[in-house]
Amino acid sequence: MSKKQIKLIVNGKEEIIEVNPYESLLKVLREYLGLTGAKRGCDYGGCGVCTVVVNGKAVYSCMYPAIKAEGKEITTVEGLYKNGKLHPVQKAFIDANTVQCGYSIPGAIMSAYALLLNNPNPSDEDIKEAFSGNLCRCSAGYYWPEAIKLAIKYMKQRES
Amino acid sequence: MIPRNFIYFSPSSEKEALELLNEYKSDARILAGGMSLIPLMKMRLVSPSYLIDINKVESLSYIKEEKNRLRIGALTRYYEIEKSSTLKKLLPIMNEAATWVGDPQVRNMGTIGGSLSHADPSGDFGSVILALNGQIITSSLNGQRTIKADDFFVDSFTTALNANEMLKEIVIDLPEGMNGGAYVKLERKAGDFAIVAVAAQLSIDSKGNCNYAGIGLTSVGPTNLKAKKAESFLLGKQLNERTIDETAEIAASEARPIDDPLRGSAEYKRAMVKVLTKRALNLALKRARGV
């Protein structure tokens, strides 16, 4: 087979791995690097549970050939937790009671994180749109927009 | 779901990409955003032996105003179209249509060239480019070709591209005078393919007569359709409730929808073509008048 060595920067750490061209970034994260935050759901870019951030943009890692991520900076939900502290977005998701079964949460948190990275003051419409690629089959997804607003508040508090 | 194995190339120039495409022709596929190709490969509906990833060819990504034309590079991503201030100023129908494509994750990756080459009759941008009378510029080692959008879409998932050619850019003549456009879409849920969608672009003269009408239909035929009879009916006419209603009626008669268990019967879709064409024309007219 035609394995190729690639370098990824995952949560700030350089990782050198060998991949087959057909292997997705999701598989590499979960099975080669042990980062099981990003989940496998539909596997076709329809459910959003595999969402990670690549070079500042939310993407479906199931639809992203790992080989294409060569040299790119990848952030997963594990990368948000730093120095023993939750990221404001993570804390807000907990405090806004957004979690029921939890399966969709790592993906939803990464969509929220990417939204605030690119648009620190989103409108209600922007917030709704940011989650349009993330499904939640429990009722708790209803509170995600509230979590964004709370996260913005926490981020402002952290700055002041 | 895992694609069949393939050999992966990641050329850094357009020339290099074209050389690979010329060598492997229909055994190869161009990978742009991958939002259509990757699922097809996972479902093994498409199993190319060679994948030519053009994402490093940054010279294919641009939105440029040039004299009375707009040029959009094939690798331009939907989020760039959505946010583009050049388009907001010159062709806001493009920004509007981009907001309707998939979801943020899809728009962050998906490209206009990839979508047009994929030629899904449910694709949003085929209709927009048809309504704008756009031209597709292709490139191969033999040089470039210019293909009218209307000739580019041959059948479902089939374009006029030869096996050694790739879509290089989209060229649109900029509308003159009072003009406006709209893309309206009916969908089951956020980010879904359209049940029906309509792109409309209008120009009007000082007397309120129509001097440009472009209408593109999504999801109601084997390709994105240009409602040519409806367009020529409206040309030169006053835009009012009656003429817009008649135009919408003609557009509905030009649609070729089929029954589908997910998104409704042919009859329903045809009725929706009329409704959405009316909405799109009214919105385009409002925007052309600047009200």
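Residues numbered from 1 in each chain as written. Chains lettered and ligands numbered in written order. Predicted model: local features only at pLDDT ≥ 70, side-chain atom pairs only at ≥ 80, totals over all residues. Heavy atoms only, no water.

1. So, the overall build of chain A
Step number 1: Across its full length, chain A holds five helices and five strands.
Step number 2: Secondary structure elements in chain A, listed N-terminal to C-terminal, are β-β-α-β-β-β-α-α-α-α.
Step number 3: Taking 2.2 N^0.38 as the reference for a compact globule, 160 residues should give roughly 15 Å; the C-alpha atoms of chain A span a radius of gyration of 16 Å, in line with that estimate.
Step number 4: A burial count over chain A gives 52% of its 160 residues as buried.
Step number 5: Long-range pairs, those at least 24 residues apart, make up 56% of the contacts in chain A with a sequence separation of at least 6.
Step number 6: Element-wise, carbon and sulfur atoms account for 49% of the exposed surface of chain A, whose accessible area totals about 7,700 Å². (Helix = DSSP H or I, 4+ residues; strand = E, 2+ residues; numbered from the N terminus. Rg over C-alpha atoms; globule rule 2.2 N^0.38 Å. Buried < 20%, exposed > 50% of the residue type's maximum accessible area, 1.4 Å probe, protein only. Contact = heavy atoms within 4.5 Å. Areas by Shrake-Rupley, 256 points an atom, 1.4 Å probe, with all protein chains shown as cover.)

2. Observations concerning the domain arrangement of chain A
All names here are of chain A.
Step number 1: We note that the domain assignment places domain 1 (4-79) and domain 2 (80-159) within chain A.
Step number 2: For domain 1 and domain 2, the distance between their C-alpha centres works out to 20 Å.
Step number 3: On the domain 2 side, the residues contacting the 19 residues of domain 1 number 18 residues.
Step number 4: Summed over both partners, the interface of domain 1 with domain 2 buries about 1,400 Å², with 58% contributed by carbon and sulfur atoms.
Step number 5: Contributions of two or more residues to the side of domain 1 that touches domain 2 are made by strand 3 (51-54) and strand 4 (57-60).
Step number 6: When grouped by side-chain class, the residues that make up the side of domain 1 that touches domain 2 number seven nonpolar, eight polar and four charged. (Domains from an automatic or database assignment. Buried area = accessible area lost by both parts, 1.4 Å probe. Nonpolar A, V, L, I, M, F, W, Y, C, P; charged D, E, K, R; others polar.)

3. Notes on the packing of helix 3 (residues 105-118) of chain A against helix 5 (residues 144-159) of chain A
Helix-helix packing: each pair is described by the crossing angle between the helix axes and the interaxial distance.
All names here are of chain A.
Step number 1: It is at 11 Å that the axes of helix 3 and helix 5 come closest, and there the two elements cross at 50 degrees. As the angle between them shows, helix 3 and helix 5 are arranged oblique. For the pair helix 3 and helix 5, the crossing hand works out as right-handed. Taken together, the residues of helix 5 that come into contact with helix 3 (itself represented by Ile105, Ala108, Ala112, Leu115 and Leu116) are Trp144, Ile148, Ala151, Ile152 and Met155.
Step number 2: Of the residues assigned to the contact of helix 3 with helix 5, the class counts are 10 nonpolar, no polar and no charged. (Axes fitted to C-alpha atoms, helices over the stretch in contact; angles between N-to-C directions. Parallel < 35°, antiparallel > 145°, perpendicular 65-115°, else oblique. Left-handed = near helix turned anticlockwise from the far one by under 90°.)

4. Here we look at the sheet that holds strand 2 (residues 28-31) of chain B
Residues and elements named next belong to chain B.
Step number 1: Judged by pairing direction, the sheet is parallel, and its three strands sit side by side in the order 1-3-2 without closing on themselves. Both outer strands of the open sheet, strand 1 (7-9) and strand 2, are each paired with one neighbouring strand and no more. Each adjacent strand pair in this sheet contributes to an overall mean axis angle of 25 degrees, direction not counted.
Step number 2: Where strand 2 and strand 3 (residues 50-53) come together, four bridges link them in parallel fashion. In the sheet register, Leu31 faces strand 3, and the bridge partner there is Asp53.
Step number 3: Against the sheet, helix 1 (residues 14-24) contacts strand 1, strand 2 and strand 3, and its axis sits at roughly 165 degrees relative to strand 3. (Pairing = 2+ DSSP bridges.)

5. Some details on unusual backbone geometry
All names here are of chain A.
Step number 1: One non-glycine residue, Asn83, lies in the positive phi region at around 50 degrees.
Step number 2: On the secondary structure map, Asn83 appears in the loop between strand 5 (73-75) and helix 2 (88-95).
Step number 3: Owing to a relative accessible area of 81%, Asn83 belongs among the exposed residues under this scheme.

6. A few points about the interface of chain B and chain A
Step number 1: Tallying the contact residues gives 28 residues for chain B and 26 residues for chain A.
Step number 2: Each partner contributes to the roughly 2,300 Å² buried at the junction of chain B and chain A, and carbon and sulfur atoms together form 60% of this total.
Step number 3: By the criterion of area lost to chain A, the three top residues of chain B are B:Asn5, B:Tyr8 and B:Gln105, representing 28% of everything that side buries.
Step number 4: Linking chain B with chain A are two salt bridges, by the criterion used here.
Step number 5: The shortest N-O distance in the salt bridge between B:Lys42 and A:Asp43 comes to 3.0 Å.
Step number 6: Put simply, chain B and chain A have nine residue pairs in polar contact (both at pLDDT 80 or more) between them.
Step number 7: Looking at the side of chain B that touches chain A, the elements that each hand over two or more residues are helix 2 (37-42) and helix 6 (104-109) of chain B.
Step number 8: Among the elements that line the side of chain B that touches chain A, the one with the most residues is helix 6 of chain B, at six residues.
Step number 9: Across the side of chain B that touches chain A, the residue classes break down as 16 nonpolar, seven polar and five charged. (Salt bridge = Lys/Arg side-chain N within 4 Å of Asp/Glu carboxyl O. Polar contact = N/O pair within 3.5 Å; in protein donor to acceptor, adjacent residues only side chain to side chain.)

7. Examining the sheet that holds strand 3 of chain A
Residue and element names in this part refer to chain A.
Step number 1: The strand order across the open sheet formed by five strands is 2-1-5-3-4, and the pairing between neighbours is mixed. In this open sheet, the two strands that pair with only one neighbour each are strand 2 (13-19) and strand 4. For this sheet, the mean inter-axis angle between neighbouring strands, taken without regard to orientation, is 40 degrees.
Step number 2: Here strand 3 pairs with strand 5 via two bridges, running antiparallel. When the bridges of strand 5 are listed, Val54 appears paired with Ile74.
Step number 3: Against the sheet, helix 3 touches strand 3, strand 4 and strand 5, its axis set at about 30 degrees to strand 3.

8. Side note on the environment of A:Ala69
Residue and element names in this part refer to chain A.
Step number 1: Within the secondary structure layout, Ala69 lies in the loop between strand 4 and strand 5.
Step number 2: Of the residues examined, Ala69 reaches a relative accessible area of 0% and is grouped as buried.
Step number 3: Separated by 62 residues in the primary sequence, Ala69 and Lys7 have C-alpha atoms spaced 8.3 Å apart.

9. Regarding the nonpolar core
Step number 1: Residues A:Leu8, A:Leu25, A:Ile74, B:Met94, B:Leu116, B:Phe125 and B:Val128 are the most contacted members of the largest nonpolar core, which totals 71 residues.
Step number 2: The element that contributes the greatest number of residues to this core is helix 8 (residues 124-131) of chain B, accounting for five residues.
Step number 3: Leaving out residues up to four positions away in the same chain, A:Leu25 has contacts with A:Leu8, A:Val52, A:Val54, A:Ser61, A:Tyr64, A:Pro65, A:Ala66, A:Ala69 and A:Ile74.
Step number 4: Listed in part, the 29 residues of the second largest apolar core include B:Val184, B:Leu234, B:Ala255 and B:Ala280. (Core = buried A, V, L, I, M, F, W, Y, C linked by side-chain atoms within 4.5 Å.)

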